[in-house]
Every structure is written in structure tokens, then in C-alpha cells.
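This is what each chain is made of:
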Amino acid sequence: KQLSEDRKKGFLVGIDDFMTKPLDLEELLLHVKALLRRYKIESERYGTPYYLTLDELRTIHKKDLSDHPELNIQKDVFVFQCCIGCRVSDLLSFRKTDIINGNIEYIPKKTIGENPKTVIVPLNNMAQEIVAKYDSILETQLLPFISASKYNEAIKSILEKCEITRMVTILD
């Protein structure tokens, strides 16, 4: 009687399934497979990319933000990221040892489990200048980094301070 009441309460508050103890592993797997069939798992979505021109990137790189030291650091990180075209998750993991013969070499975290291939990106003058700037400051990490959400906010502020506020049109 109590078990029946517990099940009713559970379904009323939104559970999708119910099993009793002791659990049978095979039955548990069948329940999980049944639940997965009920729900469509959508593929990952990416936002619409917006591209900076080379002139805009140079403007950002040259912008004096010394009156905002935190923004100045993240400006360098952002310009470096633009120079090599990596994801933020990869940017966070870069170490000084990833720089080999003037290139940055890494396996993108997004593909490490399914198709791991080393990406080799030559560092242009801007990227090399930024790496050199932080070389004596950081022990093993390539660049100083704040959290991803704060980084996004910093990028917005940097673009505003560089007066890069152009209108972007999205075509359907």
C-alpha cells in the first residue's frame, strides 16, 4: 500500500519512471533505453559567427587599455584567440609547452574523444608578441584567463572601447 502511494506521489511531482529495490542491472538498462527513446536529444547548436575584419583586429590589438588592466589582459587573450582561431575550451588549456617551432600545437578538446588530430597553427607577429608579453609572468600557463562568462563580458567591453559597434545583419 505504501509503495503504491509513493509511486503516485512521484508521478504527480514529475518522475518519468519508477523502479523498486533491489535493482536489477539488466532491468535498469532497459528502463534507461526506454527513457532515451522517449526524448529526442538534439544536436549541439552553434550561434551565428560574426567575423572581425583584419583592420578591426589590429585596432583592438593596438588599443591602449592600460587604465583598465583587467580588460587589457583579456584584450590580449582575445586577439591571440582570433589569431589562431581556437575554441575557448582549448584556449583555457594552452600551456607554454604547446608552442613548438613558432607554432601552437594542440588536440582540440571537442574532437579528442572521436577523432583526435593535432592542430598546428603558425603564430603570426601579433600572437608571438602577446605570448612574449606574458612569458616571464606565468609559470606554465600560456596566457592569463578569467572565467568564460567574464571573458565574454570583457570582449563586449573591449569592442565598445575600440568603438567597434557596427550593425550586423542576419539573413534567414
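My aim in this report is to walk through the structure given alongside it, one point at a time. This is a predicted model, so every value here is computed, not measured.

Looking at the overall build of the protein
- Along its length, the protein carries 7 helices and 3 strands.
- Listing the helices and strands of the protein from first to last along the sequence gives α-α-α-α-α-β-β-β-α-α.
- Out of the 172 residues belonging to the protein, those deemed buried represent 28%.
- For the protein, restricting intrachain contacts to residue pairs at least 6 apart in sequence, the fraction spanning at least 24 positions comes to 54%.
- On the protein, roughly 12700 Å² of surface is accessible, and the fraction owed to carbon and sulfur atoms is 55%.

Description of the sheet that holds strand S2 (residues 103–106)
- Spatial ordering of the open sheet is given by S1-S2-S3, a layout of 3 strands whose pairing is antiparallel. On the outer flanks of this sheet lie strand S1 (99–100) and strand S3 (119–122), each paired with one strand and no other.
- With 2 bridges connecting them, S1 and S2 associate as antiparallel partners. Its bridge partner being in S2, Ile99 is matched across the sheet by Ile104.

Quick notes on the nonpolar core
- Ile60, Phe80, Ile84, Leu91, Phe94, Ile104 and Leu143 are the most contacted members of the largest nonpolar core, which has 33 residues in total.
- Secondary structure elements with two or more residues in this core: helix H3 (54–62), helix H4 (69–84), S2, helix H6 (125–135) and helix H7 (148–161).
- Ranked by the residues each element gives to this core, the list is headed by H4, at 7 residues.
- With near-sequence residues (within four places) excluded, Phe94 lies in contact with Phe80, Ile84, Cys86, Ile104, Tyr106, Gln141 and Leu142.

Some remarks on the side chain of Gln74
- Here Gln74 lies in helix H4.
- When its relative accessible area of 4% is taken as the criterion, Gln74 is described as buried.
- Sequence-distant contacts of Gln74, that is, excluding residues within four places in its chain, are made with Pro144, Phe145, Ile146, Tyr151, Ala154 and Ile158.

A closer look at the state of the cysteines
- Enumeration according to the criterion identifies 0 disulfides in this entry.
- Cys82 provides the cysteine sulfur closest to Cys83, a residue in no disulfide bond, and the two sulfurs are 7.0 Å apart.

Some remarks on the environment of Met19
- By secondary structure assignment, the location of Met19 is in the loop between helix H1 (2–12) and helix H2 (25–38).
- Considering only alpha carbons, one finds Met19 and His31, 12 residues apart in sequence, at a separation of 8.7 Å.
- Not counting residues within four places of it along the chain, the set of residues in contact with Met19 comprises Asp24, Glu27, Leu28 and His31.

Cut-offs used in this document
- Residues numbered from 1 in each chain as written.
- Predicted model: local features only at pLDDT ≥ 70, side-chain atom pairs only at ≥ 80, totals over all residues.
- Heavy atoms only, no water.
- Helix = DSSP H or I, 4+ residues; strand = E, 2+ residues; numbered from the N terminus.
- Buried < 20%, exposed > 50% of the residue type's maximum accessible area, 1.4 Å probe, protein only.
- Contact = heavy atoms within 4.5 Å.
- Areas by Shrake-Rupley, 256 points an atom, 1.4 Å probe, with all protein chains shown as cover.
- Pairing = 2+ DSSP bridges.
- Core = buried A, V, L, I, M, F, W, Y, C linked by side-chain atoms within 4.5 Å.
- Disulfide = S-S within 2.5 Å.

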